[in-house]
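# Observations on the three-dimensional arrangement
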Amino acid sequence: MHLLPALFGLLTGLSLIVAIGAQNAFVLRTGIEGRFGVVAPVVVICAVSDAVLIVAGVVGVGALVDAAPVALVVIRVVGAAFLLGYGLLAARRVFRPAVLLASDASDASTGLSARRAVLTALALTWLNPHVYLDTIVFLGSVANRQGPDERWWWAAGAVLASCLWFAGLGFGARILRPVFARPSAWRVLDALIAVVMIALGLRLALGA
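Owing to the predicted nature of the structure, the values given are computational and were not obtained by experimental measurement.

## Some remarks on the confidence of the model for the protein chain
Confidence in the prediction for the protein chain averages 84 pLDDT; 89% of positions are at 70 or higher. Of all the helices and strands in the protein chain, helix α4 (residues 62–66) carries the lowest mean pLDDT, 67, while helix α3 (residues 36–58) carries the highest, 93. Taken together, the stretch residues 101–110 has pLDDT below 50 and engages in 13 contacts with residues farther than four places along the chain or on a different chain.

This is how it looks when you write it as structure tokens:
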């Protein structure tokens, strides 16, 4: 009986997370570079952050989020500035594309550093007010409709969805490495990332 709410939570979690967004675009780009020491912490940060937010929603933190509109406004402004800045950097990379060499996977001097990747993943996760609304408020409210015991099975399914998605996206992106040996492929990816980041940044800035 508990497997049904867990499956429902898994499917609901996937329906929210499997979309082209700032966080997913960053995980994909990091995964394509293929260095385990950079990809692994990014995947862990995204998955654990989702788990924390989902659990917070189940225990009723959603009411606090609804009662703190000023905090969400501050997060929205800072998040919009970050997304716009990251989007502009991605747009600049369109004209200066990377070239992924076979040695890049083991060369710590190429690509994004682990520290910078971690900070970017944290910012993309926690500076987006929609993350709080989607996970704490929406997922939390759906979970709490399942009953006192079933809600934790539902939450477990939603957490599993995040873990599976980010692990698959981050580590599975290595399959695309041969494609991204060409600078033109990086141009397309960074152009897509620039559009996503700038669009989301403008959406936040305008309060949408």
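Now that the structure has been shown, the text picks up again.
## Description of the nonpolar core
Counting 32 residues, the largest nonpolar core has F26, V42, F166, I193 and M197 as the members making the most contacts within it. Every element with two or more residues in this core is listed here: α2 (22–33), α3, α5 (69–95), α6 (114–126), α8 (150–172) and α9 (183–205). When near neighbours in sequence (up to four residues on either side) are disregarded, V42 contacts F26, V27, T30, A117 and A121. With 10 residues, the next largest nonpolar core counts A51, I54, V58 and A155 among its residues.

## Considering the environment of V61
Structurally, V61 can be placed in the loop between α3 and α4. Of the residues examined, V61 reaches a relative accessible area of 26% and is grouped as partly exposed. Taking the C-alpha atoms as reference, V61 lies 6.7 Å from I136; in sequence the two are 75 residues apart. Among all residues touching V61, those that are not within four sequence positions of it are A56 and I136.

## Re the environment of W153
In this structure, W153 sits in helix α8. We classify W153 as partly exposed; its relative accessible area is 38%. Residues W153 and F8 lie 145 residues apart in sequence; the distance between their C-alpha atoms is 9.3 Å.

What counts, and where the lines are drawn
Residues numbered from 1 in each chain as written. Predicted model: local features only at pLDDT ≥ 70, side-chain atom pairs only at ≥ 80, totals over all residues. Heavy atoms only, no water. pLDDT = per-residue confidence, 0-100. Helix = DSSP H or I, 4+ residues; strand = E, 2+ residues; numbered from the N terminus. Contact = heavy atoms within 4.5 Å. Core = buried A, V, L, I, M, F, W, Y, C linked by side-chain atoms within 4.5 Å. Buried < 20%, exposed > 50% of the residue type's maximum accessible area, 1.4 Å probe, protein only.

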